[in-house]
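Chains, contacts and geometry: an overview
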Amino acid sequence: MELRTLRYFVAVAEELHFGRAATRLHMSQPPLSRAIKRLEGDVGALLFARSPTGVTLTPVGAVLLDEARALLDHADRVRARVSAAAGGATLTVGILGDGTDPGVSRLAAAYRRAHPGIDIRIRETDLTDPTCGLRTGLVDVALTRAPFDETALTVRTLRTDPVGVVLRADDPLARRERLRLADLSDRRWFRFPQGTDPAWQSYWHGGTPREGPVVRAVQECLHAVLWNGTVGLAPLGHDLPAELAVVPLVDMAPSRVVAVCNEGDGNPLIRSFIGIAAAAYRL
């Protein structure tokens, strides 16, 4: 199995849709579909159950997803250590959230202008690690959302976004102009896997332990809402499928977009990144 093919597989597994995965990977859908078919041939089993509305992981696919993530994380660590040994000027940025956010685009353009010779590497992460691999050394700096355990980290708030409830469009509550957490007390919510940062879990669970499906990625949250009527939460202003609606939550603290690095890190490329990020998100 090639690492590139495993990255393709992880993208499809997290998006649960070949078209969205192809967009995320900056490629067309036919070669992505062919790559997954070849991978299924190598494995000797179907990895996805396909339907007109998308795909779901088979039991074999779920096992491979855990292993693929571990392999890709290890490959990223190897690449970073080799690059450091060779003396190359690189910066690995972890991103959690919407890559189409205008703030990200402005930051990328401004940082390229300021540091044209730097090799920027992007590592997308799922919802189980709000620090995007910063604590484990997978990234140098993270562009993510708070709250999470900030011990030994330096956190710079870039922007705050109001949060809304994601519901199916045919849900009676979707017709309301605004909602409170108490309005959702009898609903099933999504949950994060065991071991996910407690502060992060508490925030996205509305401060109360919840019952519902375990999710790792944004698309898994949206599918939980679409298929099971599960309550989801999301920052306002994000595009959603027509089958879903978002209603503002009036008693939910805003979600903070933040830039994060390890406390005391003196790397000038990281300090510059955080300063440029603050300026880019003010525009």
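Description of the structure in this document. (Residues numbered from 1 in each chain as written. Predicted model: local features only at pLDDT ≥ 70, side-chain atom pairs only at ≥ 80, totals over all residues. Heavy atoms only, no water.)

Next up on the list: the pairing of strand S10 (residues 255-262). Most of S10 is tucked away: six of the eight residues are buried. Bridging between strand S5 (residues 141-146) and S10 involves five bridges; their strand directions are antiparallel. Among the inter-strand pairings, Arg145 is bridged to a residue of S10, identified as Val257. Relative to S10, strand S6 (residues 153-161) is paired through eight bridges, and the arrangement is antiparallel. Each residue of the ladder has a partner; that of Arg159, found in S10, is Val257. (Buried < 20%, exposed > 50% of the residue type's maximum accessible area, 1.4 Å probe, protein only. Helix = DSSP H or I, 4+ residues; strand = E, 2+ residues; numbered from the N terminus. Pairing = 2+ DSSP bridges.)

Two numbers describe how helix H1 (residues 3-15) lies on helix H2 (residues 18-25): the axes approach to 8 Å, and their chain directions differ by 130°. As summarised for this structure, H1 and H2 are arranged oblique, according to the angle between their axes. Helix-helix and strand crossings are classified by hand; for H1 and H2 the assignment is right-handed. Residues Arg7, Tyr8, Ala11, Val12, Glu14 and Glu15 of H1 form the contact with H2, whose own contacting residues are Phe18, Arg20, Ala21, Arg24 and Leu25. Here the contact of H1 with H2 is built from residues that sort into six nonpolar, no polar and five charged. (Axes fitted to C-alpha atoms, helices over the stretch in contact; angles between N-to-C directions. Parallel < 35°, antiparallel > 145°, perpendicular 65-115°, else oblique. Left-handed = near helix turned anticlockwise from the far one by under 90°. Contact = heavy atoms within 4.5 Å. Nonpolar A, V, L, I, M, F, W, Y, C, P; charged D, E, K, R; others polar.)

So, about the nonpolar core. Grouped burial of nonpolar side chains is what soluble globular proteins tend to show. In this structure, Val165, Leu167, Leu179, Leu184, Trp204, Leu233 and Leu249 are the most contacted members of the largest nonpolar core, which totals 34 residues. If you list the elements that add at least two residues to this core, you get S5, strand S7 (163-168), helix H6 (198-204), strand S9 (244-248) and S10. For Leu167, the contacting residues outside a window of four places in its chain are Leu173, Ala174, Leu179, Arg187, Val225, Val231, Glu243, Leu244, Ala245 and Val247. The next biggest cluster of nonpolar side chains, apart from the first, holds 23 residues, and it includes Ile95, Leu158, Ile274 and Ala280. (Core = buried A, V, L, I, M, F, W, Y, C linked by side-chain atoms within 4.5 Å.)

In this section: the sheet that holds S10. Taken in spatial order, the five strands make up an open sheet running S4-S3-S5-S10-S6, and their pairing is mixed. In this open sheet, the two strands that pair with only one neighbour each are strand S4 (119-124) and S6. Looking at each pair of strands side by side, their axes are set apart by 25° on average, direction ignored. Here strand S3 (residues 90-95) runs beside S5; their pairing, made up of three bridges, is parallel. In the sheet register, Gly94 faces S5, and the bridge partner there is Ala142.

Below, the discussion takes up helix H3 (residues 29-43). An α-helix turns once every 3.6 residues. As a result, residues three or four positions apart point the same way. For H3, spanning 15 residues, the distance from its first C-alpha to its last is 21 Å, which sits close to the expected 21 Å at 1.5 Å a residue. Two residues or fewer after H3 comes Gly44, characterised by a positive phi angle close to 85°. (Expected span 1.5 Å × (residues − 1).)

Here the focus is the environment of Leu134. Summarising the element assignment, Leu134 is placed in the loop between S4 and S5. In this structure Leu134 comes out as buried when scored by relative accessible area, which is 1%. Separated by 97 residues in sequence, Leu134 and Val231 have C-alpha atoms that sit 29 Å apart. Every residue in contact with Leu134, bar those within four places of it in the chain, is listed here: Val139, Asp140, Val141, Leu153, Val260, Cys261 and Asn262.

Using the criterion set out here, one finds 14 salt bridges in the structure. A salt bridge links Glu40 to Arg50; the nearest nitrogen and oxygen atoms lie 3.1 Å apart. In this pair, Glu40 is assigned in helix H3 and Arg50 in strand S1 (residues 48-51), connecting sequence segments 10 residues apart. The buried category is assigned to Glu40, whose relative accessible area is 6%. Put simply, Arg256 and Glu150 hold a salt bridge, and the shortest N to O gap is 3.4 Å. Of the two residues, Arg256 sits in strand S10 while Glu150 sits in the loop between S5 and S6, which places them 106 residues apart along the sequence. Residue Arg256 is classed as partly exposed on the basis of its relative accessible area, which comes to 26%. Its relative accessible area of 34% is what places Glu150 among the partly exposed residues. (Salt bridge = Lys/Arg side-chain N within 4 Å of Asp/Glu carboxyl O.)

So, on to H2. Listing the buried residues of H2 in full gives Phe18, Gly19, Ala21 and Ala22. Looking straight down H2, one finds that the buried residues subtend no more than 165° of arc, so they occupy a single side. Those residues of H2 that are buried lie in contact with H1, H3, S1 and strand S2 (54-57). (Arc of directions from axis to C-beta.)

Within the secondary structure layout, Arg145 lies in strand S5. Judged by its relative accessible area of 8%, Arg145 falls in the buried class. Polar contacts involving the side chain of Arg145 include one to the side chain of Asp161, which spans 2.8 Å. For Arg145, the contacting residues outside a window of four places in its chain are Pro130, Arg159, Asp161, Trp200, Trp204, Pro235, His238, Ser255, Arg256, Val257 and Val258. (Polar contact = N/O pair within 3.5 Å; in protein donor to acceptor, adjacent residues only side chain to side chain.)

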